[in-house]
Every structure is written in C-alpha cells, then in structure tokens.
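# Architecture at a glance
Here is how the chains run, residue by residue.
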Amino acid sequence: MTADPRAALDRFVAALEAHYLAVAGRQGEDDPQVDDAYDVLADAFDAYDEALGTVHNEALPFYLAEDDEEDDEADADDEDLDDEELEDEETRAGAHPS
C-alpha cells in the first residue's frame, strides 16, 4: 500500500476539527467524546507523519507525548529510589545526570 500524504493531511485536518468540536462541547471532565476525538487525532497525526516520511523523507517538527499512565508509573518507581540510585539508573540508561 502506497502512503498518500495529501489524503493523510486531509484526515489529520478533519481530526483536528473534530477534536476541537468535542472539546468545545465537552459534557463534563471525563467526556468520552473528547477521549475518542483525542485517539482519532493521535492516529491521524501518526498516519500523516508516516506518509510524509515514506513519500517525501520528511518529518513533522513535533511528536506525541508518551501515555501519562506510563509516565506516572515511571515517576512512582523513581520516588522509591534515593538520589544516588536514581543517578546510577539514569547513567545506565544513557541519560546524563544533572
């Protein structure tokens, strides 16, 4: 299957508009329509970015953040370590301690 960047862009723009409408019409803090629109938007973003890369060898200048649940779990794990253990873990993972 050949990627079509123009079609992916059209889908991405439509997903942006749908997400905006869901947010603007939010029915409470945990509105499932907003969550669904977010997921559709994230998928459309990925499809457009991939199509640009495949056809034009180009990437978008931004990326999607990791899932908050994964970040929360990592933060909770880090809280269990003292500063020296955390620095050792970051060094092993390739991070530069500050």
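Residues numbered from 1 in each chain as written. Predicted model: local features only at pLDDT ≥ 70, side-chain atom pairs only at ≥ 80, totals over all residues. Heavy atoms only, no water.

### Some details on the packing of aromatic side chains
Heads up, the condition is: Pairing of aromatic side chains requires ring centres within 6.5 Å, counting the rings of Phe and Tyr and the six-membered ring of Trp. Pairs whose planes differ by under 30 degrees are stacked, by over 60 edge-to-face, and all others tilted. Helix and strand labels come from DSSP, where a helix needs a run of H or I of at least four residues and a strand needs a run of E of at least two; each type is numbered from the N terminus. Exposed residues in this analysis have more than 50% of their type's maximum accessible area, buried residues have under 20%, and partly exposed residues fall in between, with area computed by a 1.4 Å probe over protein chains only.
If you walk through the whole model with that rule in mind, you get three aromatic pairs. Here the aromatic rings of F12 and Y48 are separated by 5.9 Å at their centres, their planes lie at 15°, and the arrangement is stacked. With F12 in helix α1 (residues 5-24) and Y48 in helix α2 (residues 32-56), this pair connects stretches of sequence that are 36 residues apart. Grouping residues by exposure puts F12 and Y48 together as buried. On the basis of an interplanar angle of 25° and a centroid distance of 5.7 Å, the ring pair of F45 and F62 is categorised as stacked. Placement of the pair is F45 in helix α2 and F62 in the loop between α2 and α3 (68-79), with a sequence separation of 17 residues. With relative accessibility at 6%, the residue F45 sits in the buried group.

### Some remarks on α1
Quick note on the threshold: Expected helix span is computed as 1.5 Å times (number of residues minus one). Should any heavy atoms of two residues lie within 4.5 Å, those residues are counted as being in contact. Polar contact is defined as a pair of N or O atoms within 3.5 Å, subject to the rule that within protein one atom must be able to donate a hydrogen and the other to accept it, and that residues adjacent in sequence are counted only when both atoms are side-chain atoms.
Taking 1.5 Å per residue as the helical rise, α1 with its 20 residues ought to reach 28 Å, and the 28 Å between its terminal C-alpha atoms agrees with that figure. Those residues of α1 that are buried are in contact with α2. Its side-chain oxygen placed 3.1 Å from the backbone nitrogen of R6, D4 serves as the N-cap of α1.

### Thoughts on a negative patch on the surface
To be explicit about the condition: Only residues whose relative accessible area exceeds 30% and that take part in no salt bridge are eligible for patches, with like-charged residues grouped when within 9 Å of each other and nonpolar side chains (Val, Leu, Ile, Met, Phe, Trp, Tyr) grouped when within 5 Å. The protein chains shown are the only cover counted for residues, whose accessible areas, like all others here, come from Shrake-Rupley with a 1.4 Å probe. Throughout this description, the term salt bridge denotes a Lys or Arg side-chain nitrogen within 4 Å of a carboxyl oxygen of Asp or Glu. We score Asp and Glu as negative and Lys and Arg as positive, and we do not count His or the chain ends. Throughout, a charge is located at the NZ atom of Lys, the CZ atom of Arg, the CG atom of Asp or the CD atom of Glu.
Taken together, E29, D30, D35, D36, D39, D43, D46 and E50 make up a surface patch of like negative charges. Tracing the backbone shows D43 in helix α2. Assessed through its relative accessible area of 46%, D43 is described here as partly exposed.

### Quick look at the side chain of D31
Inspection of the secondary structure assignment puts D31 in the loop between α1 and α2. No salt bridge is formed by the buried D31; the nearest opposite charge belongs to R26, separated by 6.3 Å. Within polar-contact distance, the side chain of D31 engages the backbone nitrogen of Q27 at 2.7 Å. Those residues in contact with D31 that sit more than four places away from it in its chain are G25 and R26.

### A few points about α2
End to end, α2 covers 36 Å across 25 residues, agreeing with the expected 36 Å (1.5 Å per residue, within 8%). All of the buried residues in α2 are V34, A37, L41, A42, A44, F45, Y48, A51 and L52. For α2, the secondary structure elements touched by its buried residues are α1. Its side-chain oxygen at 2.9 Å from the backbone nitrogen of Q33, D31 defines the N-terminal cap of α2. Positive backbone phi, approximately 50°, marks N57, located one or two places after α2.

### A word on the nonpolar core
Rules: Take the buried residues of types Ala, Val, Leu, Ile, Met, Phe, Trp, Tyr and Cys, join any two whose side-chain atoms come within 4.5 Å, and each joined set is a nonpolar core.
Membership of the largest hydrophobic core is limited to 10 residues, which are A8, F12, A15, L41, A44, F45, Y48, A51, L52 and L60. Those elements giving two or more residues to this core turn out to be α1 and α2. Broken down by element, the residue count for this core peaks at six residues, all from α2. Not counting residues within four places of it along the chain, the set of residues in contact with F12 comprises L41, A44, F45 and Y48.

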